[in-house]
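Report on the structure
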Amino acid sequence: MCGFCRTPAKQTNLNKKGFTLIELVVVIIILGVLYFIAVRPNESDHVDTTTLSASKTIIKGDLKHCRSKAMQTGLAHKLVFTMGENHYDMYYEKPTQNVWLYYKESENLTNDAIIFATTLPNQQIVFRSNGKPYEDPQPDNPNQSYNNDVLVERSITIKTNAGTEKTITIEPETGYIQ
């Protein structure tokens, strides 16, 4: 203190406004913990959705390929699905032998995605030479009447282990796949 005044020689301003470094670090840690609690689970949902979208794209591509092959060759083509699996088979008709011949196996869908359900009779979809789907009452006999047009929308549902689902639909009149 100086002799003439009652104030300290070195003034300290205790009324400074602002945050200390420790306070800022604590706030950042709290925000990080909240992020991992609240936001992180949604990222795994995004992974499921991405996985499912990729599998849906593969199936749609094979359905469109099968439909276009039927129109190009003039022979019926079909896909046969196995419930609970992550693959399916493609066949085409051999009219001279009255049988379905194996065409190819699908790419494996992602490990998490399985074919969960279909509204397809006998778990198969058959496309005739005009690209329209038809019901196949005798799944092992391709030389049958093609008068069994699909009258209702058909669908294939794929699902992940986490329970996320996506559905592919096939329009009855046109065979359009969406």
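Look above for the structure.
Residues numbered from 1 in each chain as written. Predicted model: local features only at pLDDT ≥ 70, side-chain atom pairs only at ≥ 80, totals over all residues. Heavy atoms only, no water.

Here's the deal with the packing of aromatic side chains
How we decide: The rule is short: rings of Phe, Tyr and Trp, with Trp giving its six-membered ring, pair when the centres are within 6.5 Å, and they are stacked under 30 degrees, edge-to-face over 60, tilted in between. A 1.4 Å probe rolled over the protein chains alone gives each residue an accessible area, and that area as a share of the maximum for its type sets the label: buried under 20%, exposed over 50%, partly exposed in between. A ring is considered to have a charge above it if a Lys NZ or an Arg CZ atom is located within 6 Å of its centre and within 35 degrees of its normal.
For the structure on display, the rule yields three aromatic pairs. Taking 5.0 Å as the distance between ring centres and 40° as the angle between the ring planes, the aromatic pair formed by F81 and Y88 counts as tilted. Across this residue pair, the class does not change: F81 and Y88 are buried. A cation over an aromatic ring shows up here: K78 above the ring of Y91, its NZ or CZ 5.7 Å from the ring centre.

Quick notes on the pairing of strand β5 (residues 124-127)
Heads up, the condition is: What counts as a helix is a DSSP run of H or I of at least four residues, what counts as a strand is a run of E of at least two, and both are numbered from the N terminus. The pairing criterion is simple: DSSP has to find at least two bridges between the two strands.
The alternating pattern of β5 places Q124 and V126 and I125 and F127 on opposite faces, both of which are buried. Bridge analysis of strand β1 (residues 77-81) against β5 gives four bridges, and the strand direction is antiparallel. Residue pairing for β5: K78 is matched across the bridge by V126. Taking the residues between adjacent antiparallel strands as the criterion, β5 and strand β6 (residues 133-134) are bridged by five residues, where G131 takes a positive phi near 85°.

Examining unusual backbone geometry
Phi angles above zero are rare outside glycine, and Q123 is one such case at about 55°. The residue Q123 is located in the loop between β4 (114-118) and β5 in this model.

Some remarks on a nonpolar patch on the surface
For clarity, the threshold we go by: Patches here: salt-bridge-free residues with over 30% relative accessible area, like charges joined within 9 Å, nonpolar side chains (Val, Leu, Ile, Met, Phe, Trp, Tyr) joined within 5 Å. Method for areas: the Shrake-Rupley scheme with a 1.4 Å probe, in which residue coverage is limited to the protein chains shown. What counts as a salt bridge is simple: a side-chain nitrogen of Lys or Arg found within 4 Å of a carboxyl oxygen of Asp or Glu.
A cluster of nonpolar side chains, I22, V26, V27, I30, L31 and L34, forms an exposed patch at the surface whose accessible area comes to about 580 Å². Mapped onto the fold, I22 is located in helix α1 (residues 21-38).

Overview of the nonpolar core
Put simply, the test is: Within this scheme, the nonpolar core is defined by two criteria: the residues are buried Ala, Val, Leu, Ile, Met, Phe, Trp, Tyr or Cys, and they are joined through side-chain atoms within 4.5 Å. Here, residues are in contact when the closest pair of their heavy atoms is within 4.5 Å.
Counting residues in hydrophobic clusters, the biggest one holds 20 residues, and the most contacted among them are I59, L63, L79, F81, Y88, I125 and F127. When contributions to this core are tallied by element, the ones reaching two or more residues are α2 (40-73), β1, β2 (88-94), β5, β7 (154-159) and β8 (165-170). When neighbours within four sequence positions are excluded, I125 is seen to be in contact with L63, H77, K78, L79, F81, L120, P133 and I170.

Things to note about the sheet that holds β2
If you trace the five strands from one edge of the open sheet to the other, you get β3-β2-β1-β5-β6, paired in antiparallel fashion. Only two strands of the sheet have a single partner each, and these edge strands are β3 (99-105) and β6. Pairing analysis gives six bridges linking β2 to β3, with the strands arranged antiparallel. Paired with Y92 across the strands is L101, a residue of β3.

So, the side chain of K78
The cut-off we apply is this: For this analysis, a polar contact is any N or O atom pair within 3.5 Å, provided that within protein one partner can donate a hydrogen and the other can accept it, and provided that sequence-adjacent residues contribute only side-chain to side-chain pairs.
With respect to the element layout, K78 can be found in strand β1. With relative accessibility at 4%, the residue K78 sits in the buried group. Engagement of the side chain of K78 in a polar contact is seen with the side chain of Q124, the distance being 3.1 Å.

Function cannot be read off these values alone, since they describe shape.
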